[in-house]
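# Survey of secondary and tertiary structure
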Amino acid sequence: MQISNSQTRWGLVSIGFHWIVALLVIAMWGLGYSMSHLVSDLQTKFTLFQLHKSIGFTVFWLALLRLVWRVMTPGPMLPDTLTPVERGLAHLTHWGLYGLLLLMPLAGWVSTDTSELGIPTRIFKLFTLPTIFGPNDALHELSEEMHEVMAWALVALLVLHIGAALKHHFILKDDILRRMLPFGTKQSYGEQK
């Protein structure tokens, strides 16, 4: 498998970024929901919050690196069968996902940074993020609300993204999904397996 993207297939680097971030986002959602709604033990909640923040930090940097890689190595062409509206929605969805993967961790960090609890953010117990703002109720509430709204927006975009991939695979029968799978074929549009 090629390292870089081509006009017909995503490369190994892009595929790796895609699936690692996808798995981390699923883990983040589960942690976020658990620590906010299911766990009452304070020590467990604290541990989950720190893990959530550490994974969020990782997602931010992976998304940033993926964005840089995407700009440096453009991806495969979209099928000619897509209408201009479908092309626009595809681009809007992808750039929306990039934006949310970058902005959500920042909003989470600001929320933690401005909390009156003053609990430092330790990244996998390796280092502590600096405090920039300090306690600020208004900024804390705003960033916490933004983080939650973006989480739901991310879910909506992911449902749209997954739904589109499944439509391409099962209904349109093109290779949009296969070219992002590490074990996909080099089948071109319109060819049957």
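Note that the coordinates shown come from a computational prediction; the quantities given were computed from them, not determined experimentally.

The next point concerns the UniProt feature "transmembrane region" (unreviewed entry) in the protein chain. Following the UniProt record, one finds the feature "transmembrane region" (unreviewed entry) at residues 12-31, 51-69, 89-110 and 149-170. Secondary structure content for residues 51-69 is 100% helix and 0% strand, and the end C-alpha separation is 27 Å. Measuring from the first to the last C-alpha atom of residues 89-110 gives 30 Å, for a span that is 100% helix and 0% strand.

Taken as a whole and assessed by the stated rule, the structure comprises 5 aromatic pairs. A ring pair is formed by Phe60 and Trp61, whose centres lie 5.2 Å apart and whose planes are at 90 degrees; its orientation type is edge-to-face. By relative accessible area, Phe60 is classed as buried at 16%. With a centroid separation of 5.2 Å and 45 degrees between ring planes, the pair formed by Trp95 and Tyr98 is classed as tilted.

What follows covers the nonpolar core. Counting residues in each nonpolar core, the largest one holds 27 residues, and the members touching the most others are Ile55, Leu101 and Leu154. Of the residues forming this core, the biggest block, 8 residues, is contributed by helix α2 (residues 42-72). Among all residues touching Leu101, those that are not within four sequence positions of it are Val21, Val25, Val59, Phe60, Ala63 and Leu154.

As a further point, take a negative patch on the surface. On the surface, Glu116, Asp137, Glu141, Glu144, Glu145 and Glu148 cluster together to form a negatively charged patch. Relative to the helices and strands, Glu145 resides in helix α4 (residues 137-171).

For the rest of this paragraph, the subject is the pattern of salt bridges. Under the criterion given, the structure shown has 2 salt bridges. The residue Arg87 makes a salt bridge to Asp80 at a minimum N-O spacing of 3.9 Å. Exposure remark for Arg87: the relative accessible area of 26% places this residue in the partly exposed category. Asp80 gets classed as exposed once you look at its relative accessible area, which sits at 73%.

Reading the values: the criteria
Residues numbered from 1 in each chain as written. Predicted model: local features only at pLDDT ≥ 70, side-chain atom pairs only at ≥ 80, totals over all residues. Heavy atoms only, no water. UniProt positions renumbered as here; feature names shortened; annotations may be inferred. Helix = DSSP H or I, 4+ residues; strand = E, 2+ residues; numbered from the N terminus. Phe/Tyr/Trp six-rings, centres within 6.5 Å; stacked < 30°, edge-to-face > 60°. Buried < 20%, exposed > 50% of the residue type's maximum accessible area, 1.4 Å probe, protein only. Core = buried A, V, L, I, M, F, W, Y, C linked by side-chain atoms within 4.5 Å. Contact = heavy atoms within 4.5 Å. Patch = residues over 30% accessible without salt bridge, like charges linked within 9 Å, V, L, I, M, F, W, Y side chains within 5 Å. Areas by Shrake-Rupley, 256 points an atom, 1.4 Å probe, with all protein chains shown as cover. Salt bridge = Lys/Arg side-chain N within 4 Å of Asp/Glu carboxyl O. Lys, Arg positive; Asp, Glu negative; His and termini not counted. Charge placed at Lys NZ, Arg CZ, Asp CG, Glu CD.

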